[in-house]
Amino acid sequence: MAIATQSTKRLSDQQVAQYTTEGYLIYPEAIFPQPKFDALKNHFEQKLTRLPADVRPESMDVPHFTDPKLFEWLFAPEVLDLVEPIIGPDIALWSSHFICKPRGNGKRVPWHEDSFYWQGRLSPMEVVTVWLAIDPSTQINGCMNVIPRTLHGYSEYEDVDATKNVFSTEIKKTQMDPTRAVPIELQPNHASLHDGRLIHGSNPNTSNIRRCGYTMRYMSTRTRHLHEKFGASHHVYLARGKDHAGNEYGDPTRIYTEKAQYRESSGNNGH
């Protein structure tokens, strides 16, 4: 699969400054041309119908490991042009995740930092997530909430009820101020971007409207993935430009069933 090389930056200097300061940015415009977005949504719907009955739809982590077709969107210039103004022209795909909250009983996502779950894996810890709305994402159906400027990245955590939450741990109440939270409401094919160190979470979906997003996570190729330590469970992929950190990259045309199974069996699922 060809690696995209040409770019057309989609963020203004003011938007980049907001992202850098606040840790997040809402991009209320279409990410993909409508037919391209519709193809992604239809592809997701097909994946959802094949999901085993005992698997929660919130946990569709690293689907690109076993579904190379997803690289049509993960490596799409429409997405890479969003992140290039933030991390530069040499871009690697860190991960992706369909997080789908079914209507009526969609689980809550506890307050967390992505970086907490990734600590020790990346140096430096600089990841930008593009959160693409597949469905409308509003306060009614459990949209993501962020706490601006909370970018230290490694808070203290405590246990929460895993039957009601996507994760079994949450940032201690003394470590954050949820009254400062900002809801990230999005229409389908719109997106938000957030720093991997930002505190965020979401309420359960008790509405009659499903809420699905596709998180596409990117890092500069100047960031080092400690493949020698974590290669059994993970791959990064060169998406644009060239490597600068001596990383080992996965083949986007290959299926990595063994890595997906290892992540599932080791409990390394969800981030």
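For the structure itself, look to the data block above.
An account of the accompanying structure is given in this report.

Conventions used here
- Residues numbered from 1 in each chain as written.
- Predicted model: local features only at pLDDT ≥ 70, side-chain atom pairs only at ≥ 80, totals over all residues.
- Heavy atoms only, no water.
- Pairing = 2+ DSSP bridges.
- Helix = DSSP H or I, 4+ residues; strand = E, 2+ residues; numbered from the N terminus.
- Buried < 20%, exposed > 50% of the residue type's maximum accessible area, 1.4 Å probe, protein only.
- Polar contact = N/O pair within 3.5 Å; in protein donor to acceptor, adjacent residues only side chain to side chain.
- Contact = heavy atoms within 4.5 Å.
- Phe/Tyr/Trp six-rings, centres within 6.5 Å; stacked < 30°, edge-to-face > 60°.
- Disulfide = S-S within 2.5 Å.
- Salt bridge = Lys/Arg side-chain N within 4 Å of Asp/Glu carboxyl O.

**Some remarks on the sheet that holds strand 4 (residues 109-112)**
Each strand in a sheet pairs with another by means of backbone hydrogen bonds, the pair being arranged parallel or else antiparallel. Read from one edge to the other, the open sheet built from 4 strands follows the order 4-12-7-10, with strand pairing classed as antiparallel. In the strand order of this sheet, the two ends are held by strand 4 and strand 10 (182-183), each with one partner. Bridge count between strand 7 (residues 144-146) and strand 12 (residues 200-202): 3 bridges; the pairing is antiparallel. Bridge pairing links Asn-145 to Gly-201 in strand 12.

**Section: the side chain of His-64**
Looking at the element boundaries, His-64 is found in the loop between strand 2 (60-61) and helix 3 (71-74). By relative accessible area, which is 0% here, His-64 ends up buried. Of note is the side chain of His-64, whose polar atom sits 2.8 Å from the side chain of Ser-96.

**Details of the environment of Cys-100**
Mapped onto the elements, Cys-100 comes out in strand 3 (residues 91-101). Each C-alpha atom, one on Cys-100 and one on Gln-34, is 21 Å from the other, the two residues being 66 residues apart in sequence. Excluding residues that lie within four positions of it along the chain, Cys-100 makes contacts with Phe-44, Pro-57, Glu-58, Arg-210, Arg-211 and Cys-212.

**Things to note about the side chain of Thr-223**
Topologically, Thr-223 is positioned in the loop between strand 13 (211-220) and strand 14 (224-225). Filtering out sequence-adjacent residues up to four positions away, Thr-223 remains in contact with Leu-122, Ser-123, Pro-124, Glu-126, Ala-245 and Asn-247.

**Comments concerning the environment of His-194**
On the secondary structure map, His-194 appears in strand 11 (residues 191-195). Owing to a relative accessible area of 1%, His-194 belongs among the buried residues under this scheme. Along the sequence, His-194 and Gly-23 sit 171 residues apart, while their C-alpha atoms lie 5.7 Å from each other. In contact with His-194, not counting residues within four places along its chain, are Tyr-19, Gly-23, Tyr-24, Asp-114, Val-127, Val-128, Thr-129, Met-144, His-200 and Arg-217. Within the structure, the side chain of His-194 is placed 3.3 Å from the side chain of Asp-114, a separation counted as a polar contact.

**Considering the packing of aromatic side chains**
Overall, the coordinates contain 10 aromatic pairs when judged by the stated rule. Their ring planes at 40° and their centres at 4.8 Å tell us that Phe-44 and Phe-98 sit as a pair that is tilted. With a gap of 54 residues between them, Phe-44 in helix 2 (residues 34-49) and Phe-98 in strand 3 connect regions that are remote in the sequence. For the pair Phe-44 and Phe-98, one class covers both residues: buried.

**Side note on the pairing of strand 6 (residues 127-133)**
With 7 of its 7 residues buried, strand 6 lies for the most part within the structure. Going residue by residue along strand 6, you find Val-127, Thr-129, Trp-131 and Ala-133 tucked away on one face and Val-128, Val-130 and Leu-132 tucked away on the opposite face as well. In terms of strand pairing, strand 6 meets strand 13 through 7 bridges, oriented antiparallel. Within the sheet, the bridge partner assigned to Val-128 lies in strand 13 and is Tyr-218. Note that strand 6 and strand 11 share 5 bridges and pair antiparallel.

**Examining the pairing of strand 11**
Among the 5 residues that make up strand 11, 5 are buried, leaving the element largely enclosed by the rest of the structure. Taking every second residue as pointing to the same face, both faces of strand 11 are buried, with Ala-191, Leu-193 and Asp-195 on one and Ser-192 and His-194 on the other. Relative to strand 11, strand 1 (residues 24-27) runs antiparallel, the two being bridged by 4 bridges. Following the sheet pairing, Tyr-24 is matched in strand 11 by His-194.

**A few points about the state of the cysteines**
In the structure shown here, the tally under the stated rule is 0 disulfides. Summary of cysteine pairing: Cys-212 is not part of a disulfide, and the nearest cysteine sulfur, belonging to Cys-100, is at 4.4 Å.

**Topic: the pattern of salt bridges**
Taken as a whole and assessed by the stated rule, the structure comprises 18 salt bridges. Among the salt bridges present, the one from Arg-240 reaches Asp-81, with a minimum N-O distance of 2.9 Å. Remark: Asp-81 occurs in helix 4 (residues 77-87) and Arg-240 occurs in strand 15 (residues 237-240); sequence separation between them is 159 residues. Neither Arg-240 nor Asp-81 differs from the other in exposure class; each is buried. When salt bridges that share partners are traced, they join Lys-41, Glu-45, Asp-135 and Arg-210 into one network.

Purely geometric numbers; function is a separate question.
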